[in-house]
Amino acid sequence: IAENASISGAQGGCQAEIGSAAAMAAGGLVYLAGGDNDAIAQGAAMALKNMLGLVCDPVAGLVETPCIKRNAAGAVVAAQMALAGIQSVIPPDEIIDAMYEIGCQLPACLRETSQAGLATTPTGQKIAEKLGQNQF
């Protein structure tokens, strides 16, 4: 992923940062549960595929919301599917290529800038103010 796309939310959006993290975690969970190399790759592929197009919108510029919860949700479900023998229709390498293309098309405001999405909600703005941060 790092060589052919990006693991940076600032460069590729949340799909790159959280998608990559969820893919690694899913692969790790499949490995720990005794899955073979194909199942590990399938778990990673399904986790990443489900994050495609996801914007990076950290509240107050922090990764606690929503990033950590996105990681957990993406990793666990994908690992369970891979361990059950479910395979991604699109091969892992093609998913990575698609993620790169999508990331290049995302506007800058959707790439780890806190200028859109959850970060700009009234609650997101209140959290930023409480922490003494100006979002804009």
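Cut-offs applied
- Residues numbered from 1 in each chain as written.
- Predicted model: local features only at pLDDT ≥ 70, side-chain atom pairs only at ≥ 80, totals over all residues.
- Heavy atoms only, no water.
- Patch = residues over 30% accessible without salt bridge, like charges linked within 9 Å, V, L, I, M, F, W, Y side chains within 5 Å.
- Areas by Shrake-Rupley, 256 points an atom, 1.4 Å probe, with all protein chains shown as cover.
- Salt bridge = Lys/Arg side-chain N within 4 Å of Asp/Glu carboxyl O.
- Lys, Arg positive; Asp, Glu negative; His and termini not counted.
- Charge placed at Lys NZ, Arg CZ, Asp CG, Glu CD.
- Helix = DSSP H or I, 4+ residues; strand = E, 2+ residues; numbered from the N terminus.
- Axes fitted to C-alpha atoms, helices over the stretch in contact; angles between N-to-C directions.
- Parallel < 35°, antiparallel > 145°, perpendicular 65-115°, else oblique.
- Left-handed = near helix turned anticlockwise from the far one by under 90°.
- Contact = heavy atoms within 4.5 Å.
- Nonpolar A, V, L, I, M, F, W, Y, C, P; charged D, E, K, R; others polar.
- Core = buried A, V, L, I, M, F, W, Y, C linked by side-chain atoms within 4.5 Å.
- Buried < 20%, exposed > 50% of the residue type's maximum accessible area, 1.4 Å probe, protein only.

## What about a negative patch on the surface?
Right, so step 1: The grouping of D93, E94, D97 and E101 at the surface amounts to a negative patch.
Right, so step 2: Note that D97 resides in helix α5 (residues 92-105).

## Overview of the packing of helix α3 (residues 37-49) against helix α4 (residues 67-83)
Right, so step 1: α4 packs onto α3 with a crossing angle of 140° between their chain directions and a minimal axis gap of 8 Å. On the basis of their axis angle, the class for α3 and α4 is oblique. In the packing of α3 onto α4, the handedness of the crossing is right-handed. The residues of α4 that touch α3, namely those facing A39, Q42, G43, M46 and A47, are G74, A78, M81 and A82.
Right, so step 2: Among the residues making up the contact of α3 with α4, the classes are represented as six nonpolar, three polar and no charged.

## Some details on the nonpolar core
Right, so step 1: Counting residues in each nonpolar core, the largest one holds 16 residues, and the members touching the most others are I18, A26, V30, A47 and A78.
Right, so step 2: Among the elements of the structure, α2 (14-32), α3 and α4 are those that each provide at least two residues to this core.
Right, so step 3: Apart from the residues lying within four places of it in its own chain, the contact partners of V30 are G35, A39, I40, A79, A82 and L83.
Right, so step 4: The next biggest cluster of nonpolar side chains, apart from the first, holds eight residues, and it includes A16, A23, I95 and M99.

## Considering the environment of A26
Right, so step 1: Examined against the element boundaries, A26 turns out to sit in helix α2.
Right, so step 2: Spatially, the C-alpha atoms of A26 and Q80 are 8.5 Å apart, while their sequence positions differ by 54 residues.
Right, so step 3: With sequence-adjacent residues up to four places away left out, A26 is seen in contact with G43, A44, A47, A75, A78 and A79.

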